[in-house]
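# An overview of the molecular structure
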Amino acid sequence: MSDLSRLPSGLPVPEDDGAADRLVGRTMPNIDLTSTAGSTVPVHTPGEGRSVLYCYPLTGRPDTDVPDGWEAIPGARGCTAEACDFRDQHEELAALGAARVFGLSSQDTGYQQEVVDRLRLPFAMLSDTTLRLAALLGLPTFEFGGTTLHKRITPIIRGGVIEHVPHPIFPPNEHARQVLDWLKDDPV
């Protein structure tokens, strides 16, 4: 069994593959994604203010071991720790103009709902089981165990346009604080 909220030492650091470079200034595609809040979210017009859409590969469960080879993939390990960091920084993110925070993975909504409940997340998770958003925006993905998964990347959106994209993200357990630092330097 693994303690998914803690990162083991020696994880490989992801390298910048340039995926974020082409996203700033792009308009979000006109699609709706299923939310753990029991609705769909139009990612192109999620509301006033900024939206933080942190994309991650998959969240594990504490009763299941981390798959063999997972920790060797740069940037793969740490989804639970990342979600906890966004949970813990949620109020400050909102105070700095991030009106909405969403986690996004290709896991189905039922799986994500367990994570929201277990971690007591104050924000919804979005499910994109067919990776439509990744295909439309060219978000980076990787293959593991015959499944295509998101690489960690975080479009920050205002007015339907991507204005900033942290990537690569490491360590994931400090990612929300990295977003906070950017928001402090670029207030609404």
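Higher on the page you've got the structure.
## Quick notes on the sheet that holds strand β9 (residues 161-164)
In space, the seven strands of this open sheet follow the order β2-β1-β5-β4-β3-β8-β9, with mixed pairing throughout. Strands at the two margins of the open sheet, each flanked by one partner only, are β2 (40-42) and β9. Across the sheet, the axes of successive neighbouring strands diverge by a mean angle of 40°, strand direction being ignored. Taken together, the two bridges between strand β1 (residues 32-35) and strand β5 (residues 125-127) define a ladder with antiparallel strand orientation. Across the sheet, S35 pairs through a bridge with L126, a residue of β5. In this fold helix α5 (residues 175-185) packs onto β3 (50-55), β4 (98-105), β8 (156-158) and β9, with an angle of close to 150° to the strand it touches most, β3.

## A closer look at helix α3 (residues 109-119)
Buried within α3 are the following residues: Q112, V115, V116 and L119. The buried residues of α3 all sit within an arc of 100° when viewed along its axis, so they share a single face. Opposite the packed face of α3, turned more than 90 degrees from it, sit the exposed residues G110 and D117. Here the buried face of α3 lies against α1 (79-88), β4 and β5. With a side-chain oxygen positioned 3.1 Å from the backbone nitrogen of G110, the residue opening α3 is D108. Where α3 ends, the next residue or the one after it, R120, has phi of about 55°, a positive value.

## Things to note about the pairing of β9
In summary, the side chains of a regular strand alternate between the two faces of the sheet. Bridge count between β8 and β9: three bridges; the pairing is antiparallel. From the neighbouring strand, I156 faces β9, where its bridge partner is H164.

## Considering the nonpolar core
Ranked by internal contacts, the top residues of the largest apolar core, which has 23 residues, are M28, L53, L126, L133, L139 and I153. Going through the elements one at a time, β3, β4 and α4 (132-137) are the ones with two or more residues in this core. Core analysis: the second largest hydrophobic core is formed by 22 residues, Y56, F86, L121 and W182 among them.

Definitions and limits used
Residues numbered from 1 in each chain as written. Predicted model: local features only at pLDDT ≥ 70, side-chain atom pairs only at ≥ 80, totals over all residues. Heavy atoms only, no water. Pairing = 2+ DSSP bridges. Helix = DSSP H or I, 4+ residues; strand = E, 2+ residues; numbered from the N terminus. Axes fitted to C-alpha atoms, helices over the stretch in contact; angles between N-to-C directions. Contact = heavy atoms within 4.5 Å. Buried < 20%, exposed > 50% of the residue type's maximum accessible area, 1.4 Å probe, protein only. Arc of directions from axis to C-beta. Polar contact = N/O pair within 3.5 Å; in protein donor to acceptor, adjacent residues only side chain to side chain. Core = buried A, V, L, I, M, F, W, Y, C linked by side-chain atoms within 4.5 Å.

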